[in-house]
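Descriptive analysis of the structure
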Amino acid sequence: MQVSNAYSCTHTRTRLHEGFSMHGLHARLGKNFNLYDRLVRYNKAIVENPKHIRGHWRQWCAPCAYDEKRQRFVQSTFREVHLDLGCGKGNFCVDAACRRPDVLFVGVDAEPLCIAYAAQKICERELSNALVFGAHSSHISDFFAPQEIDYVYLNFPTPFPRKKQARERLVYLDNLLLLRSVLSQQARVMFKTDSYPLMQFAITQFERAGYRCIWSSNDARADRPHDPSSLYEEKLTAKGARVLAREYELCDIPKDLPQVEQLSLVDYLPQDLANVSYVPHGMEGTFVNLINYEAHRTQ
């Protein structure tokens, strides 16, 4: 099937679709860093209209496989489609794509800066099996058809430790149920984090959403040293973190299994915080506040 190309071939500004705008920019830009120029420069690795490809990702055009003589992108057929949800700056997605040329890797992130860096890495490596686009995870079913995704990577997602932020977690029940809607029957989901509280919370959510754990590790880098790694994984392990990982497959959704009451990640922390040797990324402020509160309470 021939699908119209959604990559921009002009030198105009890249058009950012809904859910991916400058208003979503949270990372600091370096001096003289022009985000729009960077997006335009590497825009052949950025899908501008992912909704138009829904249902056709396996037959999509490879971003860097461009036929100069025929002036069009080369049509490709991929064996599987893998989704790197919250792809960050693309280290993992690019590394994985280099190892699996028969698989299309799609990186999705809500942060424009991350998309710019990920697209740059794809273009510089001249990968023909990796793409990125900007979107929030809550819209994922708008971009992928039912059973279109064969593997999902949730690498070090933001923990959002407070109770009122629980719905923002990628591993929250509603988000995992939404993810099911685009997974093939044989799909797998790999979840990695440095946060013990987030992992404990996630275990309850995967169970309620109808996922069965088929592999787990409390030190994934030691157990699977040759797996590709994300930038966060490399940075956090350098600081002493251990990578907690669980791989899931789909099973029946349990009936009459209510949501857990413990939505705050504080409820999953050990009681003796003073002896904790590693503070999970994104919970540093929470740890400081709890330790100060305990010290004040015992005075």
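Before reading on, note that the structure itself is shown above.
Here the structure is a predicted model, which is why all the values come from computation and not from measurement.

1. Here's the deal with the overall build of the protein chain
- When helices and strands are tallied, the protein chain shows 9 helices and 9 strands.
- Within the protein chain, the proportion of its 299 residues that are buried is 50%.
- The long-range share in the protein chain, meaning contacts at least 24 apart out of those at least 6 apart in sequence, stands at 77%.
- Working note: accessible area of the protein chain is about 15,400 Å², and carbon and sulfur atoms make up 47% of it.

2. Let's talk about the side chain of Asp 194
- For Asp 194, the position within the fold is in the loop between strand S7 (183-193) and helix H6 (196-208).
- Put simply, Asp 194 is tucked away with no salt bridge, and the nearest opposite charge, on Lys 239, sits 8.8 Å away.
- Of the polar contacts made by the side chain of Asp 194, one reaches the side chain of Tyr 278; its length is 2.5 Å.
- Polar contacts involving the side chain of Asp 194 include one to the main-chain amide nitrogen of His 281, which spans 2.8 Å.

3. Concerning empty space enclosed by the protein
- Summed over all chains, the structure comprises 3 cavities of 30 Å³ or more.
- Size it by volume and the largest cavity reaches roughly 70 Å³.
- Sort the elements by how many residues they give to the lining of the largest cavity and helix H5 (residues 173-180) lands first, with 3 residues.
- Grouping the constituent residues of the lining of the largest cavity by class yields 6 nonpolar, 3 polar and no charged.
- Size it by volume and the second largest cavity reaches roughly 30 Å³.
- Looking at the second largest cavity, the residues that line it are Lys 192, Trp 215, Ala 220, Arg 221, Arg 224, Asp 227 and Glu 233.

4. Regarding the packing of aromatic side chains
- Within this structure, the stated rule accounts for 12 aromatic pairs.
- Judged by centre distance (6.2 Å) and plane angle (35°), the rings of Phe 133 and Phe 144 are tilted. Here the residue Phe 133 occupies a position in strand S5 (residues 130-134), and Phe 144 occupies one in the loop between helix H4 (140-143) and strand S6 (149-155), the gap between them amounting to 11 residues.
- A relative accessible area of 0% places Phe 133 in the buried class.

5. Examining the pattern of salt bridges
- According to the stated counting rule, one finds 11 salt bridges in the structure shown.
- For Arg 188, the salt bridge is made with Glu 249, and the minimal N-O distance between the two is 3.5 Å. Of this pair, Arg 188 sits in strand S7 while Glu 249 sits in strand S9 (residues 244-250), placing them 61 residues apart in sequence.
- One salt bridge connects Glu 233 with Lys 192, and the closest N-O pair in it is separated by 3.7 Å. Of the two residues, Glu 233 sits in helix H8 (residues 231-238) while Lys 192 sits in strand S7, which places them 41 residues apart along the sequence. The two residues Glu 233 and Lys 192 agree in class, both being buried.
- Via salt bridges that share partners, Arg 79, Glu 80 and Asp 102 belong to a single interconnected network.

6. Some details on H6
- Compared with the 18 Å implied by 1.5 Å per residue over 13 residues, the 19 Å span of H6 between its first and last C-alpha is a close match.
- Of all the residues in H6, the buried ones are Pro 197, Leu 198, Met 199, Phe 201, Ala 202, Thr 204, Gln 205, Phe 206 and Arg 208.
- Residues of H6 that are buried sit in contact with S6, H5, S7, strand S8 (211-217) and S9.
- For H6, the N-terminal capping position is held by Ser 195, with its side-chain oxygen 3.2 Å away from the main-chain nitrogen of Leu 198.
- Count one or two residues on from H6 and you reach Gly 210, which has phi positive near 85°.

What counts and what doesn't
- Residues numbered from 1 in each chain as written.
- Predicted model: local features only at pLDDT ≥ 70, side-chain atom pairs only at ≥ 80, totals over all residues.
- Heavy atoms only, no water.
- Helix = DSSP H or I, 4+ residues; strand = E, 2+ residues; numbered from the N terminus.
- Buried < 20%, exposed > 50% of the residue type's maximum accessible area, 1.4 Å probe, protein only.
- Contact = heavy atoms within 4.5 Å.
- Areas by Shrake-Rupley, 256 points an atom, 1.4 Å probe, with all protein chains shown as cover.
- Lys, Arg positive; Asp, Glu negative; His and termini not counted.
- Salt bridge = Lys/Arg side-chain N within 4 Å of Asp/Glu carboxyl O.
- Polar contact = N/O pair within 3.5 Å; in protein donor to acceptor, adjacent residues only side chain to side chain.
- 1 Å grid on protein atoms, 1.4 Å probe; cavity = no way out; pocket = protein on both sides within 12 Å on 5 of 7 lines; lining within 4 Å.
- Points joined across faces, edges and corners; volume = space filled by probe spheres on them.
- Nonpolar A, V, L, I, M, F, W, Y, C, P; charged D, E, K, R; others polar.
- Phe/Tyr/Trp six-rings, centres within 6.5 Å; stacked < 30°, edge-to-face > 60°.
- Expected span 1.5 Å × (residues − 1).

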